[in-house]
Amino acid sequence: MAAVLRSGRCFLLPSSGPRGLRPPGCCSGAMQEPPPLAARPGSPGPGAAAAAASCLGALRFDNRALRSLPLDPSEENVPRQVPGACFSRVRPSPVQSPRLVALSLPALALLGLEPPAAGALEELEAEAALYFSGNRLLPGAEPAAHCYCGHQFGSFAGQLGDGAAMYLGEVLSPRGERWEIQLKGAGLTPFSRQADGRKVLRSSIREFLCSEAMFHLGIPTTRAGTCVTSDSKVVRDILYDGNPKNERCTIVLRIASTFIRFGSFEIFKPTDEHTGRKGPSVNRNDIRIQMLNYVISTFYPEIQQAYSDNSVQRNAAFFREVTKRTARMVAEWQCVGFCHGVLNTDNMSIVGLTIDYGPFGFMDRYDPEHICNGSDNGGRYAYNKQPEICKWNLGKLAEALVPELPLEISELILEEEYDAEFERHYLQKMRKKLGLIHLELEDDDKLVSELLETMHLTGGDFTNTFRLLSSFSGDLDPLKLEDFLEKIAMQCASMEELKVAFRPQMDPRQLSMMLMLAQSNPQLFALIGTKANITKELERIDQFSKLQQLTAADLLSRNKRHWKEWLQKYRVRLEKEIESISNADVWNAERVKIMNSNNPKYILRNYIAQNAIEAAENGDFTEVREVLKCLENPFEETEGLAAVQEDQEEEETLAAAAATCAPVASSRLPYSSKPPLWASELCVT
């Protein structure tokens, strides 16, 4: 479960969207009366749902996965091991009074659904709430839960599977595309273990909103079509402090070409030497072959066609392509400051998509060691470790493909392809973010590294700093340079922000005891603490001590000095670009356009979540929908869709207030603003 915590409360990031949908040529039609749960007070009534029945009911299913992969012969829906199967048949559990929080028209358009006719919004919302809550099955849907295993935080966990998600089937769009649709949070499956198969409003809004935000940022991702909440309740201990509370059951419609993941191939893993766990389908190489045949022929048909007569070469080409897609995906993450938070092998897509949004986060203040998951005590999935972790996960996939792909072949592919593809794609993207559009120079990677180091030294806001650079003209005029330095200094961390960031986290007596233990009994120390954590705490204490001796004026002066040094290097690099072109004005216009289409103005910041989640939990979904509209256009300059319009002068005033921690109502901050100080207390876990 993912929760955003602040001052003892939980918040989730907003999701929004236009409200209706229909397939081409959709018209009204009759429908059977909905089941009892859907007809309770507050639910869409039978009249509203019946008027729109033919819309979603017209979706055309062709469930190839269930035809191609083995199904569990037992339909007993209790937590259990599921050997010899890739799917188990299940049924969604109805909820009371389902109602739509938000929907994404761009995502639903993948299925062939069009915006509704005038006056049909209410009926279509009712239909979406009915079908995408799990209260009624779409004609042709065959609900099933997928079996997979996974390495979680580096250790093999054994069978995991869809404990809260349900495959509904595969929809064929009018364009001939095939889309798997899922309900997440629809109830128990054989893989639910000790859980209840439900998701709550907080985590569901997070999943819904970030799926769509990532897509509009141009990053490969699964999609989210709807978010439906209800009056049904489950108990959750939000703060893990022994004080549970009731929360609303909420369901997200997820859409992707497939939700098969690296862990899908780990169901064949023999007993792990470290954990003693094993996959449920050990020694079933026949199923591994079935899975490879299905995945490659369905999602990599060009590879299947090219190597149809040689399975080893085919499987090698498949692994090479998965390696490249994964490298490009994580490079995209790094370029927008996105942290996944739980990069286990069961959260890695076999087709290179960002999948399973739990404790994710976008960086605000640039910190290469940023950890977005409050449960990740060792920092395994920190921002700067994501590329190497994804490579490690590919290594586990390689192990899972043996004997159909010998390890000596896959390991060589991984070493030859992954780092090179990541570095190539990352630098290519960074050049666009910096407006280096005509020349590719060897020192460009050094310029990028020095930029990030400057951001780190000054606590620069990752998103806003990149966005601001498009307005840097390279002009040597001292007044213009000083004006730009003032603007970029506003995006640096304030004294108060830094004091919060570097505030010591351990009691001095505890730290002293740990240091003594590290000297006297290293073996015992290794069991209860890590050297890296102690080193980080000592660094934090040192930084905090230095901040006590620094004035705000000193900090501003230091930040400007750091930025002036880097901007001089950037100006020299831009001059080399100008030397290679004939028209500087045309070049500059093109540079600004490319930079602004690669540096988003809006990302899914945690501080934006606070108001939207709190409002949604009180029954008001307006902010959720407004934020989605904004995130559907992340590169646009205007903020006409924000809750409050701000002119440039007022926006700068608010940004300055946020930077200095002056009291400003959080609802008045533009979505593009740096986070206010209270945002540093938000923790996703």
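Note that this is a predicted model, so its numbers are computed, not measured.

**Q** Is there a simple way to think about the pattern of salt bridges in this case?
**A** A complete count under the given rule lists 42 salt bridges for this structure. E177 serves as the salt-bridge partner of R175, at 3.3 Å between the closest nitrogen and oxygen. You can call R175 exposed: its relative accessible area is 66%. Residues D231 and R248 are paired through a salt bridge, measuring 2.8 Å at the closest nitrogen-oxygen approach. Here D231 is found in strand β12 (residues 223–236), whereas its partner R248 is found in strand β13 (residues 245–256), with 17 residues between them in sequence. For D231, a relative accessible area of 29% corresponds to the partly exposed category. We classify R248 as partly exposed; its relative accessible area is 27%. The network of salt bridges with common partners includes K184, E207, R254, R261 and D356.

**Q** Where do I start with helix α21 (residues 606–617) in this structure?
**A** Compared with the 16 Å implied by 1.5 Å per residue over 12 residues, the 16 Å span of α21 between its first and last C-alpha is a close match. Most of α21 sits inside the fold, with nine of its 12 residues counted as buried. G619 occupies a position one or two residues after α21 and carries a positive phi of about 95°.

**Q** When you look at a negative patch on the surface in this model, what are you seeing that I'm missing?
**A** Residues E423, E442, D443 and D445 make up a contiguous surface patch of negative charge. With respect to the secondary-structure elements, E442 resides in the loop between α11 (407–433) and α12 (444–458). Here E442 falls in the exposed class, since its relative accessible area comes to 76%.

**Q** Would you mind going over the packing of aromatic side chains with me for this structure?
**A** Aromatic rings in a pair are described by how distant their centres are and how their planes are angled relative to each other. Using the criterion set out here, one finds 17 aromatic pairs in the structure. Geometrically, the ring pair formed by F338 and F360 is stacked, given 6.2 Å between the ring centres and 25° between the ring planes. Of this pair, F338 sits in strand β14 (residues 338–339) while F360 is found in the loop between β14 and β15 (361–362), placing the two residues 22 residues apart along the sequence. Taken individually, F338 and F360 each receive the classification buried, so the pair is uniform in this respect. Judged by centre distance (6.2 Å) and plane angle (85°), the rings of Y366 and Y383 are edge-to-face. Taken together, the residues span a long stretch of sequence, with Y366 in the loop between β15 and α10 (386–401) and Y383 in the loop between β15 and α10 at a distance of 17 residues. Y383 shares its class with Y366; the two are buried. Ring pairing ties together the aromatic residues W333, F338, Y357, F360 and F362, which thus form one cluster.

**Q** In this structure, what is going on with the side chain of K184? I would like to understand it.
**A** Along the chain, the position of K184 falls in strand β10 (residues 178–184). A polar contact is formed between the side chain of K184 and the side chain of E207, at a distance of 2.9 Å. Leaving out residues up to four positions away in the same chain, K184 has contacts with A164, A165, K199, E207, T250, I251, V252, R254 and D356.

**Q** Sorry if this is basic, but what is going on with a nonpolar patch on the surface here?
**A** Taken together, the side chains of L515, L538 and I541 make up a nonpolar region of the molecular surface, amounting to roughly 210 Å² of accessible area. Take L538: it is sitting in helix α18 (residues 531–548). Exposure remark for L538: the relative accessible area of 39% places this residue in the partly exposed category.

**Q** I tried to follow the side chain of S349 on my own but got confused; where do I start?
**A** Summarising the element assignment, S349 is placed in the loop between β14 and β15. Side-chain polar atoms of S349 contact the backbone nitrogen of V351, separated by 3.0 Å. Those residues within four positions of S349 in sequence are excluded, and the remaining contacts are I260, R261, F262 and I355.

**Q** How should the pairing of β12 be read in this particular structure?
**A** The two faces of a sheet get side chains in turn, since along a regular strand they alternate between them. The buried fraction of β12 amounts to 11 of the 14 residues, a majority that puts the element mostly inside the structure. Relative to β12, strand β5 (residues 99–103) runs antiparallel, the two being bridged by four bridges. Bridge pairing in β12 links L100 to V228. Pairing between β12 and β13: 10 bridges, direction antiparallel. The residue bridging K233 from the neighbouring strand is R248, located in β13.

**Q** Just to check I follow, could you spell out the confidence of the model for the protein for this structure?
**A** Close inspection of predicted coordinates is inappropriate for parts of the model with low pLDDT. Summary statistics for the protein give a mean pLDDT of 87 and a share of 87% for residues scoring 70 or more. Within the model, pLDDT remains below 50 along residues 4–25, and this stretch shows 123 contacts once partners closer than five positions in the same chain are excluded. Confidence drops under a pLDDT of 50 for residues 27–54, and excluding neighbours within four residues, the segment shows 54 contacts in the predicted structure.

**Q** Can you help me understand the pairing of strand β8 (residues 155–159) in this one?
**A** The buried fraction of β8 amounts to four of the five residues, a majority that puts the element mostly inside the structure. Alignment of strand β7 (residues 149–152) against β8, held across three bridges, turns out to be antiparallel. Counted as the bridge partner of C149 is Q159 from β8. Here β7 hands over to β8 after two residues, with F153 in that stretch at a positive phi of 50°.

**Q** Just to check I follow, could you spell out the packing of helix α9 (residues 311–336) against α11 for this structure?
**A** Relative to each other, α9 and α11 sit at 30°, their axes nearing to 8 Å. For the element pair α9 / α11, the angle class is roughly parallel. For α9 against α11, the interelement crossing comes out right-handed. Taken together, the residues of the contact of α9 with α11 sort by class into 14 nonpolar, five polar and nine charged.

**Q** I'm lost on the environment of D376 in this one. Help?
**A** Structurally, D376 is set in the loop between β15 and α10. Spatially, the C-alpha atom of D376 lies 9.9 Å from that of P359, the residues being 17 residues apart in sequence. Apart from residues no more than four positions distant in its own chain, D376 is found in contact with F153, I371, Y381 and A382.

**Q** So what exactly am I meant to see when it comes to the nonpolar core here?
**A** Generally speaking, a soluble globular protein has its nonpolar side chains buried in company with each other. Judged by nonpolar contacts, the single largest core of 164 residues is most densely connected at F132, L434, L469 and Y570. The leading source of residues in this core is α9, at 12 residues. Apart from the residues within four sequence positions on either side, Y570 is in contact with L434, L436, L447, L469, F472, R591 and M595. Ranked by size, the runner-up nonpolar core spans five residues in total, among them A493, M495, L498 and L555.

**Q** What am I meant to see in the packing of helix α6 (residues 201–216) against helix α22 (residues 622–631) here?
**A** Packed helix pairs are characterised by how far apart their axes lie and by the angle those axes make with each other. One can describe the packing of α6 onto α22 by two numbers: an axis separation of 9 Å at closest approach and a directional angle of 20°. When the axis of α6 is compared with that of α22, the two are roughly parallel. Handedness of the α6/α22 crossing: right-handed. Together, I205, F208, L209, E212, A213 and H216 of α6 and V624, V627, L628 and L631 of α22 make up the contact between the two elements.

Analysis parameters
- Residues numbered from 1 in each chain as written.
- Predicted model: local features only at pLDDT ≥ 70, side-chain atom pairs only at ≥ 80, totals over all residues.
- Heavy atoms only, no water.
- Salt bridge = Lys/Arg side-chain N within 4 Å of Asp/Glu carboxyl O.
- Buried < 20%, exposed > 50% of the residue type's maximum accessible area, 1.4 Å probe, protein only.
- Helix = DSSP H or I, 4+ residues; strand = E, 2+ residues; numbered from the N terminus.
- Expected span 1.5 Å × (residues − 1).
- Patch = residues over 30% accessible without salt bridge, like charges linked within 9 Å, V, L, I, M, F, W, Y side chains within 5 Å.
- Areas by Shrake-Rupley, 256 points an atom, 1.4 Å probe, with all protein chains shown as cover.
- Lys, Arg positive; Asp, Glu negative; His and termini not counted.
- Charge placed at Lys NZ, Arg CZ, Asp CG, Glu CD.
- Phe/Tyr/Trp six-rings, centres within 6.5 Å; stacked < 30°, edge-to-face > 60°.
- Polar contact = N/O pair within 3.5 Å; in protein donor to acceptor, adjacent residues only side chain to side chain.
- Contact = heavy atoms within 4.5 Å.
- Pairing = 2+ DSSP bridges.
- pLDDT = per-residue confidence, 0-100.
- Axes fitted to C-alpha atoms, helices over the stretch in contact; angles between N-to-C directions.
- Parallel < 35°, antiparallel > 145°, perpendicular 65-115°, else oblique.
- Left-handed = near helix turned anticlockwise from the far one by under 90°.
- Nonpolar A, V, L, I, M, F, W, Y, C, P; charged D, E, K, R; others polar.
- Core = buried A, V, L, I, M, F, W, Y, C linked by side-chain atoms within 4.5 Å.

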